[in-house]
Amino acid sequence: MDTTALFRFTSGLYVVSSDADGEVGACIINTGLQLTSNPLQVEVVINKQNHTERVIERAGHFALTVITEKADMPYIGRFGFRSSATFDKFEGWKTMRTVLGDPYTPECAAAVIACDVVKSLDVGTHVIFVGELKDAEVLSSDEPMTYAYYHSVLKGKTPPKASSYVG
């Protein structure tokens, strides 16, 4: 079986973040997706071993930020390859808060949405969170980064905790 066929799926790259009573989690995902238009809902899929998964579970809400092609590998590494449990990913970056109180940086961001979790589904190694939009804002007209761009232009790798990781 050629599992690289899964690399042909199109998706973007996003930072999902949450704040549960001062405990912040943030990570990069390629599994943000609009589910419905009425009500407006999106899904995010996060590894159960990620600190961010536990923070979203406790908080009951999250921010989803669309990453642009202006993001470089240090940005990706900061939000994608370090743990929020031991590293403040927002330190040194302009940080704003959604209407639900979740942090995000407008740098390298095309848009941000704020969501309340309305459902969650355990799918083995990951949890799917369904979020209902409470607010949304376009932050720039820069081109959103696709997962294909991340792999082909930035030469990025898929980390083991990603839902799209195939060993």
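(A) The overall build of the protein chain, seen in detail. In terms of helices and strands, the protein chain carries three helices and nine strands. The secondary structure elements of the protein chain, listed N-terminal to C-terminal, are β-β-β-β-α-β-α-β-β-β-β-α. For the protein chain, the residues scored as buried account for 44% of the 167 residues in total. When contacts within the protein chain are restricted to residue pairs at least 6 apart in sequence, long-range pairs at least 24 apart make up 63% of them. Element-wise, carbon and sulfur atoms account for 53% of the exposed surface of the protein chain, whose accessible area totals about 8800 Å².

(B) Fine view of the nonpolar core. In this structure, Leu 13, Ile 67, Tyr 75, Ile 76 and Met 145 are the most contacted members of the largest nonpolar core, which totals 15 residues. Elements with a contribution of two residues or more to this core: strand S2 (23-29), helix H2 (73-80) and helix H3 (147-152). Ranked by size, the runner-up nonpolar core spans 14 residues in total, among them Val 16, Ile 29, Val 44 and Phe 62.

(C) Structural view of the pattern of salt bridges. If you walk through the whole model with that rule in mind, you get six salt bridges. In this structure, the salt-bridge partner of Glu 23 is Arg 58, at a minimum N-O distance of 2.2 Å. Here Glu 23, found in strand S2, pairs with Arg 58, found in helix H1 (residues 51-59); they are 35 residues apart in sequence, far enough to count as distant. The partly exposed category is assigned to Glu 23, whose relative accessible area is 30%. Linking Glu 132 and Lys 134 is a salt bridge whose minimum nitrogen-to-oxygen distance equals 3.7 Å. One network of salt bridges, with partners in common, ties together Asp 21, Glu 23 and Arg 58.

(D) View of the packing of aromatic side chains. If you walk through the whole model with that rule in mind, you get four aromatic pairs. A ring pair is formed by Tyr 75 and Trp 93, whose centres lie 5.4 Å apart and whose planes are at 75 degrees; its orientation type is edge-to-face. Within this pair, whereas Tyr 75 is found in helix H2, its partner Trp 93 is found in the loop between H2 and strand S6 (96-97), the two being separated by 18 residues in sequence. Ring geometry for Phe 79 versus Trp 93: centroids 6.3 Å apart, planes at 65 degrees, classification edge-to-face.

Conventions and cut-offs
- Residues numbered from 1 in each chain as written.
- Predicted model: local features only at pLDDT ≥ 70, side-chain atom pairs only at ≥ 80, totals over all residues.
- Heavy atoms only, no water.
- Helix = DSSP H or I, 4+ residues; strand = E, 2+ residues; numbered from the N terminus.
- Buried < 20%, exposed > 50% of the residue type's maximum accessible area, 1.4 Å probe, protein only.
- Contact = heavy atoms within 4.5 Å.
- Areas by Shrake-Rupley, 256 points an atom, 1.4 Å probe, with all protein chains shown as cover.
- Core = buried A, V, L, I, M, F, W, Y, C linked by side-chain atoms within 4.5 Å.
- Salt bridge = Lys/Arg side-chain N within 4 Å of Asp/Glu carboxyl O.
- Phe/Tyr/Trp six-rings, centres within 6.5 Å; stacked < 30°, edge-to-face > 60°.

Interpretation in functional terms is not warranted from these geometric data alone.
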